[in-house]
Amino acid sequence: MDVGGRLRAVREARRMSQRDLAARAGMTNGAISLIEQNKSSPSVSSLKALLDAIPMTMSEFFSEVEGSEPSKYFYSQSDFVELSPQDMGMGETAARVSLRQLGNAVDHSLQVLHEHYPPGADTGPDMLSHQGEEAGIVVSGIIKITVDDQERVLNPGEGYLFDSRLPHRFQNIGDVPCVIISACTPPSF
């Protein structure tokens, strides 16, 4: 997906200048220009800040325009929607966080994600914060999660549940990929 082009189209549809969006998101208009030209990839937290300033959820941002289709109850891996198609980090050692959404969260009150954090991956230097509640279970690997002023390293089989309005961050501090199955209500990514 052309993240930069999509951001520009959404911004222009909302009749916002790069300066307006930058001021609302707490970024520079130069940074937004680089993102829109696909010369820079935003972290999950930066993209979330930009979309919050619009306002729009990540699910809405990445959803394809869908016509009226029959109800769908089952999904193959190829049906999942990638919500974070950017590199996290710098250069060749960049670790790509993958947040794959089950179904179209716009149509539901629950959002389910299949999350993948390669070694060294991180949701970004800025803490995330959004409306709702968030829960997840670590399937494999380890993850360091910071919620408000608390920090914990979770192992396979362990989980988390918190008010998503609290600032939070996810970091894979292990040597192997970390996989998490999570849910958020209402959908806010």
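The structure displayed is predicted, hence computed values, not measured ones.

Reading guide: rules and limits
- Residues numbered from 1 in each chain as written.
- Predicted model: local features only at pLDDT ≥ 70, side-chain atom pairs only at ≥ 80, totals over all residues.
- Heavy atoms only, no water.
- Helix = DSSP H or I, 4+ residues; strand = E, 2+ residues; numbered from the N terminus.
- Buried < 20%, exposed > 50% of the residue type's maximum accessible area, 1.4 Å probe, protein only.
- Contact = heavy atoms within 4.5 Å.
- Areas by Shrake-Rupley, 256 points an atom, 1.4 Å probe, with all protein chains shown as cover.
- Pairing = 2+ DSSP bridges.
- Axes fitted to C-alpha atoms, helices over the stretch in contact; angles between N-to-C directions.
- Salt bridge = Lys/Arg side-chain N within 4 Å of Asp/Glu carboxyl O.
- Parallel < 35°, antiparallel > 145°, perpendicular 65-115°, else oblique.
- Left-handed = near helix turned anticlockwise from the far one by under 90°.

A. Geometry of the overall build of the protein chain. Assigned secondary structure in the protein chain consists of five helices and nine strands. Helices and strands in the protein chain line up, N terminus first, as α-α-α-α-α-β-β-β-β-β-β-β-β-β. Here the protein chain holds 189 residues, and 43% of them are scored as buried. Taking contacts inside the protein chain between residues at least 6 apart in sequence as the whole, the part at least 24 apart equals 64%. Of the roughly 10000 Å² of accessible surface on the protein chain, 51% is carried by carbon and sulfur atoms.

B. Expanded view of the environment of G120. Inspection of the secondary structure assignment puts G120 in the loop between β3 (111-117) and β4 (133-140). In this structure, the C-alpha to C-alpha distance between G120 and V176, residues 56 residues apart in sequence, is 9.1 Å.

C. Molecular detail of the sheet that holds strand β5 (residues 143-147). With antiparallel pairing, three strands are arranged side by side in an open sheet as β6-β5-β8. In this open sheet, the two strands that pair with only one neighbour each are β6 (150-154) and β8 (168-171). Mean inter-strand twist for the sheet, computed between neighbouring axes without regard to direction, equals 15°. Relative to β6, β5 runs antiparallel, the two sharing five bridges. Directly across from V147, in β6, lies its bridge partner Q150.

D. Structural context of the sheet that holds strand β1 (residues 81-82). Pairing is antiparallel in the open sheet, where six strands are placed in the order β1-β2-β3-β9-β4-β7. What marks the edges here is a single partner per strand, and that holds for β1 and β7 (159-163). Looking at chain direction, β4 and strand β9 (residues 178-185) are connected through seven bridges and run antiparallel. Within β9, the position partnered with V138 by the bridge is I180.

E. Representation of the pattern of salt bridges within the structure. Inspection of every chain in the model, using the stated rule, returns eight salt bridges. When the shortest N-O distance is used, the salt bridge between R11 and E12 registers 3.8 Å. Residues R11 and E36 are paired through a salt bridge, measuring 2.6 Å at the closest nitrogen-oxygen approach. You can see R11 sitting in helix α1 (residues 3-13) and its partner E36 sitting in helix α3 (residues 29-36), a full 25 residues away along the chain. R11 sits in the buried class, given a relative accessible area of 7%. Salt bridges here are not isolated pairs; linked through shared partners, they connect R11, E12 and E36.

F. Structural context of the packing of helix α2 (residues 18-25) against α3. Relative to each other, α2 and α3 sit at 115°, their axes nearing to 8 Å. By the angle between their directions, the pair α2 and α3 is classed as roughly perpendicular. The handedness of the crossing between α2 and α3 comes out as right-handed. Along the contact surface, α2 presents Q18, R19, L21 and A22, while α3 presents N29, I32, S33 and E36.

G. Highlighting the pairing of strand β2 (residues 98-101). Burial of β2 is two-sided: the residues S98 and R100 facing one way and the residues L99 and Q101 facing the other way are all buried. Bridge count for β1 against β2 is two bridges, and the pairing is antiparallel. Paired with V81 across the bridge in β2 is Q101. Pairing analysis gives four bridges linking β2 to β3, with the strands arranged antiparallel. If you follow L99 over to β3, its bridge partner there is E115.

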